[in-house]
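Structural characterization, general
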Amino acid sequence: MNNKQQSPFKKFVGIRGMGAALTAFVGLIIIYIAFGIINPAVFSGQNILNLLRSMSKYLLIGIAQSYVLITGNIDLSIGSMVGMSAMITATLMTGGMNPILAIVIALVACLAVGVVNGYLVGKFKLPPFIATLGTMFVARGIAYMVNGNRNTDAIATGVGKDTADTFQNCFYYGKTLGIYNTFWIALIIFVVFFFILSKTRTGRHIYAIGSNVDAAKLSGVNVVSTTVKTYLVSSVCSCVVGLILCAQAGMGNMEAGNMYEMYGVAAGVIGGVSPLGGTGILLGTFAGAAVWQTLENGLNMIGAQVGIQRVVIGVIVVAAVLLDVVVRSGQFGRHKKK
Amino acid sequence: MNKVIVSMDNISKSFPGVKALDHVKFELRSGEVMALLGENGAGKSTLMKILSGVYTRDEGTMEIFGKSYEDLTPKQAQAAGVAIIHQELNMCRHLTVAENMFLGREIKGGISLNNSKMQKEAKKILDDLHIDISPDQVVGDLPVSKQQMVEIAKALSINARILIMDEPTSSLTAKEIDDLFRIIRKLRDEGRGIVYISHRLEELSHIVDRVTIMRDGQYITSGNFKDMTMDEIIRNMVGREIKEKFPRVECEKGKKIFEVKNLNAGKMVRDINFSLYEGEIVGFAGLMGAGRTETTRAIFGVDPKDSGEIYVDGKQIQISCPMDAIRNGVVLAPEDRKKDGLCTKLSIRQNLALPNLDLVCSKMGVVNSAKENALCEKAVKDLQIKTPNVEIDSGNLSGGNQQKVVVGKWLARDSRVVIFDEPTRGIDVGAKVEIYNLMNDLKKQGIAVMFVSSEMPEVMGIADRIIVMCDGRITGEVMAKEASQDEILTMATAFENKGIQSN
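Residues numbered from 1 in each chain as written. Chains lettered and ligands numbered in written order. Predicted model: local features only at pLDDT ≥ 70, side-chain atom pairs only at ≥ 80, totals over all residues.

Chain B carries the name Sugar ABC transporter ATP-binding protein in an unreviewed UniProt entry, which gives Blautia ammoniilytica as its organism.

An unreviewed UniProt entry lists chain A under the name ABC transporter permease, with Blautia ammoniilytica given as the organism.

Dropping the structure here:
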């Protein structure tokens, strides 16, 4: 069992968390093919493009929630930050502001929520469920207030049609190399945060805190700043999702991103991120987000109604975790002979 | 001769990749205390988990009170009268003593609970044992020693005839240990069989009737304790002769490296002054709760200081968090390895690298795998950590190897001061000697070593100078060679309220 003699493939599979991620990918392929058999339109090029575009949102919030979950915390304010970002950007743009400046302001607002979350949890040791429940309401409240408790008009009314089109194409309708920009944006963010989590010091600190916060602290890890960083990652991703929703609708919707924090948990958990902290990789989250979107898309394509869609998705989330628990307890508990 | 109540024969058990038990036999008679001895990973816990139904054996036969069992479940084991008092106590901290004792088999009066009856029965059992605990106290408020008593009382309340005690004394004070032994003797005299697992060989003579020794998952020998010498027992446990239980290395005492002046931090760290010199190990002796751990934590910046100055190599340094301490070359291997020392869900590699990421990362904070692997391979080799590779979960290692990882984290750096807090707790004789040798190596390299330990023989055997603490204060200092155990004990019990003044 010498490390150095392992083949690259074995080494790849041996990465911790890879097992769960690969399982999710296998599940993804099975689900996709199953839907395709029922309705071949699932395999069409346009559908694949749509799939990639709509999974991008789930991928981004999945990343957001995974970062926080791996430290053993949770961020309930993700959906509200999405709404806040969409509303701030749209309101400012309908007022005629330059889109880039509007985006920067929305980002700053989301980061502010992240900093509050991070300090409440990391520094003041509030239970993350409570702390982010509070900021969830506050951020949603701000999303309502920015345009006086109503949705915005079309952004084109403020910045003009050309600028509005550029903005909307950039985040939603436009394509680069034949694939929607939305997916490229999500992919770039994914690669960056994947790298940070798996290859950098900060990433190691995140896992260490999730596994044992006392030991991490005694090893010289700055728990407060690392916790704040995870919530900032969550803010950045949420903000981008808000921009995507704003670009898609061409306006700001106060309810944008409702429930997204839970979709983020689902994407992470399907991909093997443990809500107890310390385990999981973003590749799993990628697979989880894809599974989620494929289910939604596939159920739509075969004509299932919304109610059924919800039921199926709920069952899949629990089944994924149940599978994980069964596999693990089999390994440690009831093993008889090899 | 008392009758045999447990008889296990030819027991084998494998886990993926490991043969934990290899045709082991074990026998327990009524009215005896049987010590089950062996190094970490010898298979003692696995064997006892089979006896209590937690694990299923792969092969072998097992009889409890003459009845043979094929597949024993935990519930059957309990019904047969087997109870384990765990090393890590299994109590619901927020419930009361009585609620814990009757957990899962509450007495009902109609549809509601009959609390007064449960309280009364709990009280009766506690009184029988002469334990001074009220049944309506919340368990989390009790000291560990009392919690353990509650667990024993709980076992008796379900009429356990076979009690398995796993390291029951590891976190008790001398007085509490006496109390526990009194109870164990009482239970033995009532005809119960007691399996006693402990790494503290010196305490065996107070309590044990017979011993069974295991090594590497195999049965080695058993016999009457009185017929065996301690050397024989150790040789059988370790499989080789341990020449010196406390290897000492002589070094020239050099210049002053580390100094603590007027350190205060809460009630348990009061006006602490001491210095560490090159080429010496300074032992910190005292009773459990004397404030030694608190002192190390205050120095290392885990807990806030009220006042005090710290000097390394004559230069004053500010430590307000562990990071500051590490940067200034002061490191701490903490007392409770599961709680403070290890990320048990992470690999050995990740644990070893955690405090050393500054050494293996680029300026941008990207981990250099080659450097990291080199650092880990070196640590595993230097410390002789027994593991197939560095990718397995550190939580799956045996206690001794876990401790080596905790220590190994800090040896990759050029530190000036290494603080060990109870580094040998719960680990076996062989691993202890390896930890001592490690400290001796540091001493030879001119690194200041602060060695906190509650085991009097090892402090006297390994340290060059001994500082004694009591009740948050330093109550004395002696050279190890000139010290007697009585002298240290006197200083360790120099409580202020007894009117005894420190020097």
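Counting its secondary structure elements, chain B contains 17 helices and 22 strands. When its C-alpha atoms are laid out on the principal axes, chain B stretches across 70 × 55 × 50 Å. Expressed as a percentage of its 503 residues, the buried residues of chain B come to 45%. Within chain B, contacts between residues separated by at least 24 positions form 68% of all contacts whose residues are at least 6 apart in sequence. (Helix = DSSP H or I, 4+ residues; strand = E, 2+ residues; numbered from the N terminus. Buried ≥ 20, exposed ≤ 12 C-beta atoms within 10 Å, placed from the backbone. Contact = placed C-beta atoms within 7 Å.)

Time to look at the pairing of strand E11 (residues 210-215) of chain B. Residues and elements named next belong to chain B. Both strand E3 (residues 32-37) and E11 contribute to a ladder of four bridges, which runs parallel. Within E11, the position partnered with Met 34 by the bridge is Arg 210. Here E11 runs beside strand E12 (residues 218-224); their pairing, made up of six bridges, is antiparallel. Along E12, the bridge assignment pairs Arg 215 with Gln 218. Counting the residues that bridge the hairpin from E11 to E12 gives two residues, and of these Asp 216 lies at a positive phi of roughly 50 degrees. (Pairing = 2+ DSSP bridges.)

Judged by how many residues are buried, helix H10 (residues 201-211) of chain A sits mostly within the fold: ten of eleven residues are covered. Considered for burial, the residues of H10 of chain A that qualify are Arg 201, Gly 203, Arg 204, His 205, Ile 206, Tyr 207, Ala 208, Ile 209, Gly 210 and Ser 211 of chain A. Against the buried residues of H10 of chain A lie helix H3 (45-70), helix H9 (181-199), helix H11 (213-218) and helix H12 (223-249) of chain A together with helix H11 (348-353) and helix H12 (357-360) of chain B.

What follows covers the confidence of the model for chain B. In this model, chain B carries a mean pLDDT of 86, and residues with pLDDT of at least 70 account for 97%. Taken together, the stretch residues 499-503 of chain B has pLDDT below 50 and engages in seven contacts with residues farther than four places along the chain or on a different chain. (pLDDT = per-residue confidence, 0-100.)

Moving on: H12 of chain A. Residue and element names in this part refer to chain A. End to end, H12 covers 39 Å across 27 residues, agreeing with the expected 39 Å (1.5 Å per residue, within 8%). Of all 27 residues that make up H12, 22 are buried, and the element is covered over most of its length. Gly 250 sits one or two positions beyond H12 and adopts a positive phi of about 75 degrees. (Expected span 1.5 Å × (residues − 1).)

One key point about sheets: their strands pair by backbone hydrogen bonds, in either a parallel or an antiparallel sense. Residue and element names in this part refer to chain B. The strand order across the open sheet built from six strands is E6-E9-E10-E3-E11-E12, with neighbouring strands paired in mixed fashion. The open sheet has two edge strands, strand E6 (82-85) and E12, and neither has a second partner. Neighbouring strand axes in the sheet, compared pairwise and without regard to direction, differ in orientation by 20 degrees on average. Where helix H1 (residues 44-51) meets the sheet, it contacts E3, E6, strand E9 (162-166), strand E10 (193-197) and E11, and its direction lies at approximately 150 degrees from that of E9. (Axes fitted to C-alpha atoms, helices over the stretch in contact; angles between N-to-C directions.)

Residue and element names in this part refer to chain B. Tracing the backbone through its elements, the reader meets Leu 156 in helix H5 (residues 144-157). Leu 156 sits in the buried class, given 21 other C-beta atoms within 10 Å. Between the alpha carbons of Leu 156 and Gly 140 there is a distance of 21 Å; along the sequence they are 16 residues apart.

This part covers the packing of helix H4 (residues 115-128) of chain B against H5 of chain B. Residues and elements named next belong to chain B. Where H4 meets H5, the axes come as close as 10 Å, and the angle between the chain directions of the two elements is 110 degrees. Here H4 is positioned roughly perpendicular relative to H5, judged by the angle of their axes. Along this stretch, H4 crosses H5, giving a crossing that reads as right-handed. For the pair H4 and H5, the contacting residues are Glu 121, Ile 125 and Leu 126 in the first and Ala 153, Leu 156 and Ser 157 in the second. A per-class count over the contact of H4 with H5 returns four nonpolar, one polar and one charged. (Parallel < 35°, antiparallel > 145°, perpendicular 65-115°, else oblique. Left-handed = near helix turned anticlockwise from the far one by under 90°. Nonpolar A, V, L, I, M, F, W, Y, C, P; charged D, E, K, R; others polar.)

Here we take up the sheet that holds strand E1 (residues 4-15) of chain B. Residues and elements named next belong to chain B. Ordered in space as E2-E1-E4-E5, the four strands form an open sheet in which the pairing is antiparallel. Each edge of the open sheet carries a strand with a single partner, namely strand E2 (18-29) and strand E5 (67-68). With five bridges joining them, E1 and strand E4 (residues 59-64) adopt antiparallel strand pairing. Counterpart to Met 8 in the pairing with E4 is Met 62. Along the sheet, H1 contacts E1 and E2; its crossing angle with E1, the most-contacted strand, is approximately 120 degrees.

A separate point is the interface of chain A and chain B. With 28 residues of chain A at the contact, the number on the chain B side is 32 residues. Secondary structure elements with two or more residues in the side of chain A that touches chain B: H10 and H11 of chain A. Per-element accounting of the side of chain A that touches chain B gives the leading share, six residues, to H10 of chain A. Here the residues of the side of chain A that touches chain B sort into six nonpolar, 13 polar and nine charged.

The residues that UniProt annotates with the feature "transmembrane region" (unreviewed entry) are residues 12-38, 58-78, 99-120, 126-146, 177-197, 231-251, 263-287 and 307-327 of chain A. In residues 99-120 of chain A, the share of helix is 100% and the share of strand is 0%. The end C-alpha atoms are 32 Å apart. (UniProt positions renumbered as here; feature names shortened; annotations may be inferred.)

Moving on, we get to the packing of H3 of chain A against helix H14 (residues 282-301) of chain A. Residue and element names in this part refer to chain A. The geometry of H3 relative to H14 is characterised by a closest axis approach of 8 Å and an angle of 135 degrees between their N-to-C directions. Between H3 and H14, the crossing angle belongs to the class labelled oblique. Of the two possible hands of crossing, H3 and H14 adopt the one that is right-handed. Between H3, through Leu 51, Ser 54, Met 55, Tyr 58, Leu 59, Gly 62, Ile 63 and Ser 66, and H14, the contact on the second element is made entirely by Leu 282, Thr 285, Phe 286, Gly 288, Ala 289, Ala 290, Trp 292, Gln 293, Thr 294 and Asn 297.

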